[in-house]
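Structure assessment
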Amino acid sequence: MSAITRIDHIPPSHVIFPPDSHPDLQQPGAVHHGWNTGRQLLLHAVDSPLAKPMRGRIPPLRQQAITQLRLLSCYLHDVAGPLTLALYISAVQQPSPDMDTPSLALLIGEALADLGDWGICAPLPEQFELITRSVHALQPCMPD
């Protein structure tokens with residue numbers, strides 16, 4: 001496993017959730033779809049060549065998410081770790097849309113436990129708001 005130090009390094013769901021992972025995450029479903037959707041939104045936000053082209057009219061929620069992610073930082077690659085945590089929280093833990101920053105702390109701890117092998121470190125206190133805003137940007141695009 002290589003460390004996730006840039007948005008381009010975030011792997012697709014079948015890599016992050018291999019067959020020998022947690023039983024709930026082994027089969028394709030909402031978590032895999034949510035992870036891959038959120039990953040693509042992050043890739044589009046940084047204009048990565050790994051982003052799959054969106055054909056036709058881009059769904060408004062996805063366009064809104066990309067715009068909101070771009071507004072988070074001029075250097076999104078520099079916050080790849082916190083954004084990966086936000087992606088995990090959005091796709092796997094699926095919090096309620098009104099989750100606030102203090103409530104997110106427990107979810108961040110759980111996400112760190114699962115993402116530690118990918119070089120994701122505990123976020124700095126000033127990054128908690130960035131994670132919260134990222135979760136709020138990604139959450140509307142997650143499958144039910």
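Look a little higher up for the structure.
Just so you know, the residues in each chain are numbered from 1, in the order the chain's sequence is written. It should be noted that, the model being predicted, local features are given only for residues of pLDDT at least 70 and side-chain atom pairs only at 80 or more, the latter also being counted only at that level, while totals for whole chains, interfaces and linings use all residues. Where side-chain values are given, they derive from all heavy atoms of the structure, hydrogens and water being excluded.

Whenever a carboxyl oxygen of Asp or Glu lies within 4 Å of a side-chain nitrogen of Lys or Arg, that contact is scored as a salt bridge. Counted according to the given criterion, the structure contains 2 salt bridges. For R6, the salt bridge is made with D8, and the minimal N-O distance between the two is 3.3 Å. For the exposure calls, accessible area comes from a 1.4 Å probe over protein chains only, and a residue counts as buried if that area is under 20% of its type's maximum, exposed if over 50%, partly exposed in between. Accessibility expressed as a relative area gives 36% for R6, which makes it partly exposed. With relative accessibility at 19%, the residue D8 sits in the buried group. Residue R70 pairs with D47 through a salt bridge whose shortest N-O separation is 2.9 Å. Residue R70 is found in helix α4 (residues 60-72), and its partner D47 is found in the loop between α3 (30-45) and α4; the two are separated by 23 residues along the sequence. Think of it this way: any DSSP run of H or I at least four residues long counts as a helix, any run of E at least two long counts as a strand, and we number them from the N terminus.

Any two packed helices are characterised by the angle at which their axes cross and by the distance between the axes. Axes here mean lines fitted to C-alpha atoms, for a helix over just the part in contact, with angles spanning 0 to 180 degrees between N-to-C directions. Interaxial distance between helix α5 (residues 80-93) and helix α7 (residues 128-138) falls to 9 Å at its minimum, and their mutual angle equals 45 degrees. Classified by the angle between their axes, α5 and α7 sit oblique to one another. α7 is crossed by α5, and the crossing has right-handed handedness. On α7, the residues that touch P82, L83, L85, A86, L87, I89 and S90 of α5 are L130, I131, S134, V135 and L138. Per-class residue counts for the contact of α5 with α7 are 10 nonpolar, 2 polar and no charged. Just so you know how the angles are binned, under 35 degrees is roughly parallel, over 145 roughly antiparallel, 65 to 115 roughly perpendicular, and the rest oblique. Crossing handedness is defined as follows: a turn of the near helix away from the far one that is anticlockwise and smaller than a right angle gives a left-handed crossing, while the clockwise case is right-handed. We call two residues contacting when some pair of their heavy atoms lies within 4.5 Å. Each residue is assigned to one class: nonpolar for Ala, Val, Leu, Ile, Met, Phe, Trp, Tyr, Cys and Pro, charged for Asp, Glu, Lys and Arg, and polar for all the others, Gly among them.

A separate point is α3. Working rule for helices: expected span equals 1.5 Å times residues minus one. The terminal C-alpha atoms of α3, which comprises 16 residues, lie 22 Å apart, in line with the 22 Å expected from a rise of 1.5 Å per residue. Burial within α3 is extensive, with 13 of its 16 residues counted as buried. Where α3 ends, the next residue or the one after it, D47, has phi of about 55 degrees, a positive value.

Right, let's get into the environment of A30. With respect to the secondary-structure elements, A30 resides in helix α3. Under the relative-accessibility criterion, A30 is labelled partly exposed at 32%. Separated by 114 residues in the primary sequence, A30 and D144 place their C-alpha atoms 7.0 Å from one another. With residues up to four places along the chain from it excluded, the contact list for A30 reads Q94, P143 and D144.

A word on the environment of V46. Along the chain, V46 turns up in the loop between α3 and α4. Taking relative accessible area as the criterion, V46 reaches 19% and is therefore assigned buried. The spacing of V46 and H14 is 32 residues in sequence and 22 Å in space, taken between C-alpha atoms. Beyond its immediate sequence surroundings of up to four residues, V46 is in contact with I7, L76 and H77.

A rise of 1.5 Å per residue sets the reference length of α5, with its 14 residues, at 20 Å; its end C-alpha atoms lie 19 Å apart and thus fit the reference within 8%. Count one or two residues on from α5 and you reach Q94, which has phi positive near 45 degrees.

A few words on the nonpolar core. Think of a nonpolar core as a cluster: buried Ala, Val, Leu, Ile, Met, Phe, Trp, Tyr and Cys residues, connected wherever their side-chain atoms sit within 4.5 Å. Grouped together as the largest cluster of nonpolar side chains are 42 residues, with contacts concentrated most on I7, W35, L69, L83, I89, L104 and I131. Of all the secondary structure elements, the ones that give two or more residues to this core are α3, α4, α5, α6 (101-115) and α7. Residue contributions to this core peak at 8 residues, all from α5. Here I89 is in contact with Q94, P95, L104, L107, I108, A111, I131 and V135, once residues within four sequence places are set aside.

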